[in-house]
Amino acid sequence: MNAPRPGPDAPVLVLGATGLLGTRLVPAMAARWDTVTHARSGGALRTADLADPAATARMLDEVRPSLVVNLAALTSVDLCEYEPQKAYLANVKAVENVAAWMGSRDTGCHLIHISTDQVYDGPGPHAEDGVTLVNIYGFSKYAGELAALRAGATVLRTNFFGRSARPGRESFSDWLARSLRAGTPIQVFDDVLFSPLGLETLVSVILRVAAARPPGVFNLGTADGLSKADFAFAFAAALGIARPAMARAASAGSSLLRAKRPSDMRMDSRRIERVLGIRLPGLREEIESTAKEYRDVP
Ligand SMILES: NC(=O)c1ccc[n+]([C@@H]2O[C@H](COP(=O)([O-])OP(=O)(O)OC[C@H]3O[C@@H](n4cnc5c(N)ncnc54)[C@H](OP(=O)(O)O)[C@@H]3O)[C@@H](O)[C@H]2O)c1
């Protein structure tokens, strides 16, 4: 069957639409296509526990989407570590259920599945085949990718920062901005490297992916990366905070983190650049543009 394009008869379904990424992505999706939102516990047009195969299939049969964007996940790294069954249900079983629906119906529906840079460790930047798993979250997200790929999905491994539009759900940069403005002393890690995109850029690339639908796994981060400490100091400078109450530290010294964290999650995102014909920005550029989201808001 030819894949239907999103429209009034074949909407886009955003799974996990009420989360950090979903609340930023949905307005941009809805401005272009008929968009149906989903969450587990409310605040969306549809509710279903995706770990339940019957509830998942029922919802998908009713919506009959042309495109599913799966953002639903258990995203707490520490909770995944101590509740691996919960990690399995949200990050693996849920994707298997969505993929099973696609395989059992001749819908032409495409799946965009969002994954994470936590599937990498060791010296980066990492290409897509350089997976190293250090915690249950990464393991469960990787297993979810495999389920998505069986349905011909586009899997986007990413990380992001920017203003949360969901009350009570803070992003890394929300936490940083709040701590910096309050003068709360914080530790920032010199030995953890990453390459997150600002949410605005991430949303714009997902829109391109929704149109192009390339199958396979793609890293989606900035063209370069920074340590979390350098990120935090650059972000403080972009917010105009001259003397931030921050101390550089090594992550091994922190007892706050319960699950093991990767030390270098920087991604080599040239594959998606090639496939979409785009150039991804550098991280300092993203910090400058994303800091604007915080400047006029307390
Ligand atoms: N946050 C980050 O910094 C980050 C970084 C890299 C990658 N990612 C990936 O990006 C994606 C989006 O993350 P996010 O931070 O936006 O997530 P989030 O804020 O934690 O929101 C998760 C969403 O998934 C839904 N959900 C969770 N379990 C579900 C289940 N069993 N059935 C149905 N819905 C369920 C939640 O609904 P309820 O609230 O109703 O339960 C919520 O809408 C995830 O795939 C995540 O792994 C996130």
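Residues numbered from 1 in each chain as written. Predicted model: local features only at pLDDT ≥ 70, side-chain atom pairs only at ≥ 80, totals over all residues.

> How would you summarise the overall build of the protein chain if you had to cite specific residues and measurements?
Secondary structure assignment for the protein chain yields ten helices and 13 strands. Dimensions of the protein chain, computed from C-alpha atoms along their principal axes, come out at roughly 60 × 40 × 35 Å. In the protein chain, once contacts between residues fewer than 6 apart in sequence are set aside, the share between residues at least 24 apart is 77%. (Helix = DSSP H or I, 4+ residues; strand = E, 2+ residues; numbered from the N terminus. Contact = placed C-beta atoms within 7 Å.)

> Give me the site of the ligand: which residues, what numbers.
In the vicinity of the ligand there are 27 residues, among which Gly16, Gly19, Leu21, Arg40 and Ser41 approach most closely. Only helix H4 (84-104) and strand S5 (110-116) provide two or more residues apiece to the shell around the ligand. Ranked by residue count, the leading element in the shell around the ligand is H4, at three residues. Here the residues of the shell around the ligand sort into 14 nonpolar, nine polar and four charged. (Near = placed C-beta within 6 Å. Nonpolar A, V, L, I, M, F, W, Y, C, P; charged D, E, K, R; others polar.)

> Quick one: what's the story with the packing of helix H2 (residues 53-63) against H4, residue by residue and with numbers?
In the contact formed by H2 and H4, the axes pass within 9 Å of each other and the chain directions differ by 50°. One way to sum up the angle between H2 and H4 is to call them oblique. Where H2 crosses over H4, the two elements pack in a sense that is right-handed. Residue-level contacts link Pro53, Thr56, Ala57 and Leu60 of H2 to Asn97, Val98, Ala100 and Trp101 of H4. (Axes fitted to C-alpha atoms, helices over the stretch in contact; angles between N-to-C directions. Parallel < 35°, antiparallel > 145°, perpendicular 65-115°, else oblique. Left-handed = near helix turned anticlockwise from the far one by under 90°.)

> Describe the sheet that holds strand S4 (residues 67-70), naming the residues involved and giving the relevant values.
Taken in spatial order, the seven strands line up as S3-S2-S1-S4-S5-S6-S11 in an open sheet, and their pairing is parallel. Of all the strands in the sheet, just strand S3 (46-47) and strand S11 (216-220) have a single pairing partner and so form its edges. In the sheet, strand S1 (residues 12-15) pairs with strand S2 (residues 35-39) via three bridges, with the strands oriented parallel. By the bridge assignment, Val14 is partnered in S2 with Thr37. (Pairing = 2+ DSSP bridges.)

> Run through the packing of helix H8 (residues 228-238) against helix H10 (residues 283-295), naming residues and quoting values.
Running from N to C, H8 and H10 cross one another at 40°; their axes reach a closest spacing of 9 Å. By the criterion of interaxial angle, the relationship of H8 to H10 is oblique. Considering only the axes of H8 and H10, their crossing is right-handed. Residue-level inspection shows Phe231, Ala234, Phe235 and Ala238 of H8 in contact with H10, the latter providing Leu283, Arg284, Ile287, Glu288 and Ala291.

> Can you break down unusual backbone geometry residue by residue, with the values?
For residues that are not glycine, phi is negative in most cases, and the peptide bond is trans in most cases. Across the junction of Gly124 and Pro125, the peptide omega takes the value 5°, indicating a cis bond. Here Pro125 lies in the loop between S5 and helix H5 (136-150). The phi torsion at Arg64 lies on the positive side, around 45°, for a residue other than glycine. Relative to the helices and strands, Arg64 resides in the loop between H2 and S4. Backbone geometry places Arg213, a non-glycine residue, at a positive phi of 50°. Mapped onto the elements, Arg213 comes out in the loop between helix H7 (199-212) and S11. By C-beta crowding, Arg213 is classed as partly exposed, having 15 other C-beta atoms within 10 Å. (Buried ≥ 20, exposed ≤ 12 C-beta atoms within 10 Å, placed from the backbone.)

> Summarise the pairing of S4; cite the residues concerned and give the values.
On a regular strand, each side chain points to the face opposite its neighbour's, so the side chains alternate between the two faces of the sheet. The alternating pattern of S4 places Leu67 and Val69 and Val68 and Asn70 on opposite faces, both of which are buried. Examined bridge by bridge, S4 and S5 share four bridges and lie parallel to one another. Counted as the bridge partner of Leu67 is His110 from S5.

> Break down the nonpolar core for me, citing the residues and quoting the values.
The nonpolar side chains of a soluble globular protein tend to be buried with one another. Formed by 82 residues in total, the largest nonpolar core has its most connected members in Val14, Leu15, Leu71, Val98 and Ile112. Apart from the residues lying within four places of it in its own chain, the contact partners of Leu15 are His38, Leu50, Val68, Val69, Asn70, Leu71 and Ala72. (Core = buried A, V, L, I, M, F, W, Y, C linked by C-beta atoms within 7 Å.)

> Can you break down H10 residue by residue, with the values?
Its 13 residues place the ends of H10 18 Å apart at the C-alpha level, agreeing with the 18 Å of an ideal helix rising 1.5 Å per residue. The complete set of buried residues in H10 reads Leu283, Glu286, Ile287, Thr290, Ala291 and Tyr294. Looking straight down H10, one finds its buried side chains confined to an arc of 130°; they lie on one side. (Expected span 1.5 Å × (residues − 1). Arc of directions from axis to C-beta.)

> Give me the environment of Ser140: which residues, what numbers.
Tracing the chain through its elements places Ser140 in helix H5. With 26 C-beta atoms counted inside 10 Å, the residue Ser140 sits in the buried group. Considered as a pair, Ser140 and Tyr88 are 52 residues apart in the sequence and their alpha carbons are 5.9 Å apart. Contact partners of Ser140, with chain neighbours within four places excluded, come to Cys80, Ala87, Tyr88, Asn91 and Val92.

> Explain H8 to me, using residue names and the numbers behind them.
Three or more residues of H8 are buried, namely Lys228, Ala229, Phe231, Ala232, Phe235 and Ala236. Buried residues of H8, seen end-on, are gathered within an arc of 160° and therefore sit on one face of the element. Looking at the buried side of H8, the elements it contacts are helix H6 (172-182), strand S8 (186-189), strand S9 (193-194), strand S12 (226-227), strand S13 (246-249) and H10. Directly beyond the C-terminal end of H8, a positive phi value near 85° is found at Gly240.

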